[in-house]
Amino acid sequence: MFDLSPEEWTAVALSLRVAAVATAFSLPLGIAVAWLLARKNFPGKALLNAIIYLPLVLPPVVTGYLLLIAFGRRGIFGAWLESIGIVLSFRWTGAAVACAVMSFPLLVGAIRLSIEAVDRKLEDAAATLGANRAWTFATVTLPLALPGIIAGAVLAFARALGEFGATITFVSNIPGETQTISAAIYTLTQVPGGDSQALKLVVIAVAISLLALIVSEWFGRRAGARIHGV
Amino acid sequence: MILVDIDKQLGDFALSVTFQGDSGVTALFGPSGSGKTSVVGMIAGLIRPGRGRIVIDGEIVFDSGNGIDVPAHRRRIGYVFQDGRLFPHMSVARNLDYGRWMTGLPRDEAQFKHVVDLLDIAPLVDRRPGALSGGERQRVALGRALLMKPRLMLLDEPLASLDARRKSEILPYFLRLRDDTKLPMIYVSHDAGEVKLLANRVVLLDGGRVVTSGGVELLSH
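Keep in mind the model is a prediction, meaning the values are calculated, not measured.

Trainee: Mind showing me how you'd approach the overall build of chain B here?
Mentor: Counting its secondary structure elements, chain B contains six helices and 11 strands. Computed over its C-alpha atoms, the radius of gyration of chain B comes to 17 Å, within 12% of the 17 Å expected for a compact globule of 221 residues. On chain B, roughly 9,400 Å² of surface is accessible, and the fraction owed to carbon and sulfur atoms is 50%.

Trainee: What am I meant to see in the packing of aromatic side chains here?
Mentor: Ring pairs (aromatic) are described by centroid distance and by the angle formed between their planes. All names here are of chain A. With the rule as written, the count across this model stands at nine aromatic pairs over all chains. Aromatic side chains W35 and F137 sit 6.3 Å apart centroid to centroid with 75° between the ring planes, which places their arrangement in the edge-to-face category. Of the two residues, W35 is situated in helix α1 (residues 6–39) and F137 in helix α7 (residues 133–161); the sequence distance between them amounts to 102 residues. Owing to a relative accessible area of 23%, F137 belongs among the partly exposed residues under this scheme.

Trainee: Sorry, what's going on with the interface of chain A and chain B here?
Mentor: Frequently, the measure chosen for interface size is the accessible area that the parts lose on association. Contact residues are listed per partner, giving 22 residues for chain A and 26 residues for chain B. For the pair chain A and chain B, the two sides together bury roughly 1,900 Å², of which 70% comes from carbon and sulfur. The three residues of chain A that bury the most area against chain B are L122(A), T128(A) and L129(A), which together make up 33% of that side's buried surface. The tally of links from chain A across to chain B stands at one salt bridge. The salt bridge partner of D83(B) is K121(A), with a shortest N-O separation of 3.7 Å. Seen at the junction of chain A and chain B, the total is four residue pairs in polar contact (both at pLDDT 80 or more). Considering every element that reaches the side of chain A that touches chain B, the biggest residue donor is helix α6 (residues 120–128) of chain A, with seven residues. Residue composition of the side of chain A that touches chain B, grouped by class: 12 nonpolar, seven polar and three charged.

Trainee: Help me understand the side chain of E8(A) in this model?
Mentor: Inspection of the secondary structure assignment puts E8(A) in helix α1. Once you skip the residues sitting within four places of it in the chain, E8(A) turns out to touch L188(A), Q197(A) and L201(A).

Trainee: I tried to follow helix α1 (residues 36–44) of chain B on my own but got confused; where do I start?
Mentor: Residue pairs spaced three or four apart in an α-helix point in one direction, given the helix's 3.6 residues per turn. All names here are of chain B. Taken across its nine residues, α1 has eight buried, putting it largely inside the fold. For α1, the set of buried residues is K36, S38, V39, V40, G41, M42, I43 and A44. Positive phi appears at G45, one or two residues downstream of α1, with a value of about 95°.

Trainee: Whenever I open this one, the pairing of strand β5 (residues 59–63) of chain B confuses me. Can you help?
Mentor: Taken residue by residue, a regular strand's side chains alternate between the two faces of the sheet. Residue and element names in this part refer to chain B. Strand direction decides the pairing type here: strand β4 (residues 51–56) and β5, joined by four bridges, are antiparallel. Across the sheet, the residue bridging to I54 is F62, located in β5. Examined bridge by bridge, β5 and strand β6 (residues 68–69) share two bridges and lie antiparallel to one another. Each bridged residue has a counterpart across the sheet, and for D63 the counterpart in β6 is I68. In textbook terms, the turn of a hairpin is the stretch between consecutive antiparallel strands, and for β5 and β6 this stretch comprises four residues, one of which, G67, has a positive phi near 70°.

Trainee: Just checking my understanding: could you explain the layout of surface pockets for this structure?
Mentor: A probe matching the size of a water molecule, rolled over the atoms, marks out where space remains unfilled. All names here are of chain A. Considered as a void within the structure, the largest pocket measures approximately 690 Å³ in volume. Only α1, α2 (45–57), α3 (60–71) and α5 (92–116) provide two or more residues apiece to the lining of the largest pocket. Looking at the lining of the largest pocket element by element, the count peaks at seven residues for α5. For the lining of the largest pocket, the residue count by class is 22 nonpolar, three polar and no charged. Roughly 580 Å³ of volume is contained in the second largest pocket. Taken together, 18 residues form the lining of the second largest pocket, with K40, E123, D124, A127 and R133 sitting closest to its centre.

Trainee: Would you mind showing me how to read the pairing of strand β3 (residues 25–29) of chain B here?
Mentor: Residue and element names in this part refer to chain B. Counting buried residues along β3, five of its five residues qualify, which places the element largely inside the surrounding structure. What you see with β3 is no split at all: V25, A27 and F29 on one side and T26 and L28 on the other are buried throughout. Here β3 pairs with strand β9 (residues 185–189) via five bridges, running parallel. The residue of β9 that forms the bridge with A27 is Y187.

Trainee: What exactly am I supposed to notice about the confidence of the model for chain A here?
Mentor: Regions with low pLDDT carry predicted coordinates that are not meant to be interpreted in detail. On average, residues of chain A score 91 in pLDDT, and 97% of them reach the 70 mark or higher. Helix α10 (residues 195–228) of chain A is the least confidently modelled element of chain A, averaging 85 in pLDDT, while α6(A) averages 96, the highest of any element.

Trainee: Sorry if this is basic, but what is going on with a nonpolar patch on the surface here?
Mentor: Where nonpolar side chains cluster on the molecular surface, the patch consists of L199(A), V202(A), V203(A), V206(A), L210(A) and I214(A) and spans about 530 Å² of accessible area. One can find V203(A) in helix α10.

Rules of the game
- Note that residues are indexed from 1 along each chain, following the sequence as it is written.
- Key to labels: chains lettered from A, ligands numbered from 1, both in the order written.
- Reporting of local features is limited, given that this is a predicted model, to residues whose pLDDT is at least 70; pairs of side-chain atoms are given and counted only at 80 or more, and all residues count toward the totals for whole chains, interfaces and linings.
- With hydrogens and water set aside, each side-chain value is computed from the structure's full complement of heavy atoms.
- Secondary structure elements follow DSSP: runs of H or I of four or more residues count as helices, runs of E of two or more count as strands, with numbering from the N terminus.
- With C-alpha atoms as the basis for the radius of gyration, the globule rule is written as 2.2 Å multiplied by the number of residues raised to the power 0.38.
- Values of accessible area rely on a 1.4 Å probe in the Shrake-Rupley scheme; residue burial ignores everything except the protein chains shown.
- Pairing of aromatic rings covers Phe, Tyr and Trp, the last through its six-membered ring, and needs centres within 6.5 Å; plane angles under 30 degrees mean stacked, over 60 mean edge-to-face, and all others mean tilted.
- Relative accessibility decides the category of a residue: with a 1.4 Å probe and only protein chains considered, values under 20% of the type maximum give buried, values over 50% give exposed, and everything between is partly exposed.
- Whether two residues touch is decided by their heavy atoms; if any such pair falls within 4.5 Å, the residues are in contact.
- Summed over both partners, the accessible surface that disappears when two parts come together, traced with a 1.4 Å probe, is what is meant by buried area.
- Salt bridge criterion: a side-chain nitrogen from Lys or Arg within 4 Å of a carboxyl oxygen from Asp or Glu.
- Throughout this description, a polar contact denotes any pair of N or O atoms lying within 3.5 Å of each other; where both atoms belong to protein, one of them has to be capable of donating a hydrogen while the other can accept it, and for residues adjacent in sequence the pair is counted only when both atoms sit in side chains.
- Residues are grouped as follows: nonpolar covers Ala, Val, Leu, Ile, Met, Phe, Trp, Tyr, Cys and Pro; charged covers Asp, Glu, Lys and Arg; every other residue, Gly included, is treated as polar.
- The rule for pairing is simple: two strands pair if DSSP sees at least two bridges between them.
- Definitions used for this entry: grid spacing 1 Å over protein atoms alone; cavity, a set of points where a 1.4 Å probe fits but cannot get out; pocket, an open set with protein on both sides within 12 Å along at least 5 of 7 lines; lining residue, one with an atom within 4 Å of a point.
- Grid points are joined across faces, edges and corners, and a volume is the space filled by probe spheres set on the points.
- What pLDDT conveys is the predictor's confidence in a given residue, as a value from 0 to 100.
- Patch construction takes residues with relative accessible area above 30% that form no salt bridge. Like charges are linked within 9 Å, and nonpolar side chains (Val, Leu, Ile, Met, Phe, Trp, Tyr) are linked within 5 Å.

Right under this line is the structure:
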């Protein structure tokens, strides 16, 4: 059905890998940050919230450039990471970092809402039954928020799949290493006669994103049913 | 034996309550807004008093003077809330077992069966809380609190959300519980009939203060 060239299949596979790794690694941090924002008051909360949402409003090229400054081989963190054997610039791992940063606001936003929807009175009840904070979170808050957490992860995955600006700025557009679907489409539209190939990738991108949104919506609805306990 | 002597400023409302409860049922009686629920919340460790002391069976669980504040999960106080608060994602059986699991007590099939029979909830154990009636939910909540083997029970208007018919269905279970377990209980209510039936001591609250305390004959007029 899709007579894609090996390079284009590579771009699709790479996109899926980058998005999956980005989501998997940002999920634990996302849950922790969302819990902090939903349940705790602390100095600097508004600032933390603003910083997390920053990639949503900054031009992606700015985020990509900031990542390059921080995580490039000569960057503040990049040089240190390289000394322990992790190189991000111009590697697919760097693309995953860019995608994780760009999709983090969506991830945290969705999880925060689902944690806020968990009745705190149930957490109080767990405490009177002998559950400390960690157990209360593990046995009450987390399971009740789980459908929302999955929905948030799916949404972040879809967002990561479509990331372009920050990724291309940070790790460039190297076929087989950092050329994701978006970058491949961009490249194809820049060469004469590439339009029909680009269109096939566009169809794939739309299909994957649509599927992710439907899955996300389905889990969101499950969350409601679960909290009502039927 | 429980000793409560606490103050707390809640917005414009000043709560200042001192009373003692012995074994048996002590009723905290008063109109809504008199501070009853805040008092039991402080005994349970869910609300921190501004100042004062709470002593249960000789153990100081709160003392502002010495900086003692035992967290709620280590107080071993059963709490039945007005709205039940069963965990909606767990079956009735898992709800009932939750306190035992969290406190690390060994499984006690005999006690489980005893409590389930006492409250007639055996047919409900495989259901989800969402599929229970209000009265069934409160019986399960009562069982859940009992099965963690508490040293004190707090019953916060456990019948208030039920209609009159359901109330009369549940009330006998509370009587059974009182006579069967000999567990000290604090029963919060604004219903004089319930209190006269269940309690042997009454602490009358109004506007965040103890008006008087004594036997149930206080409510006769």
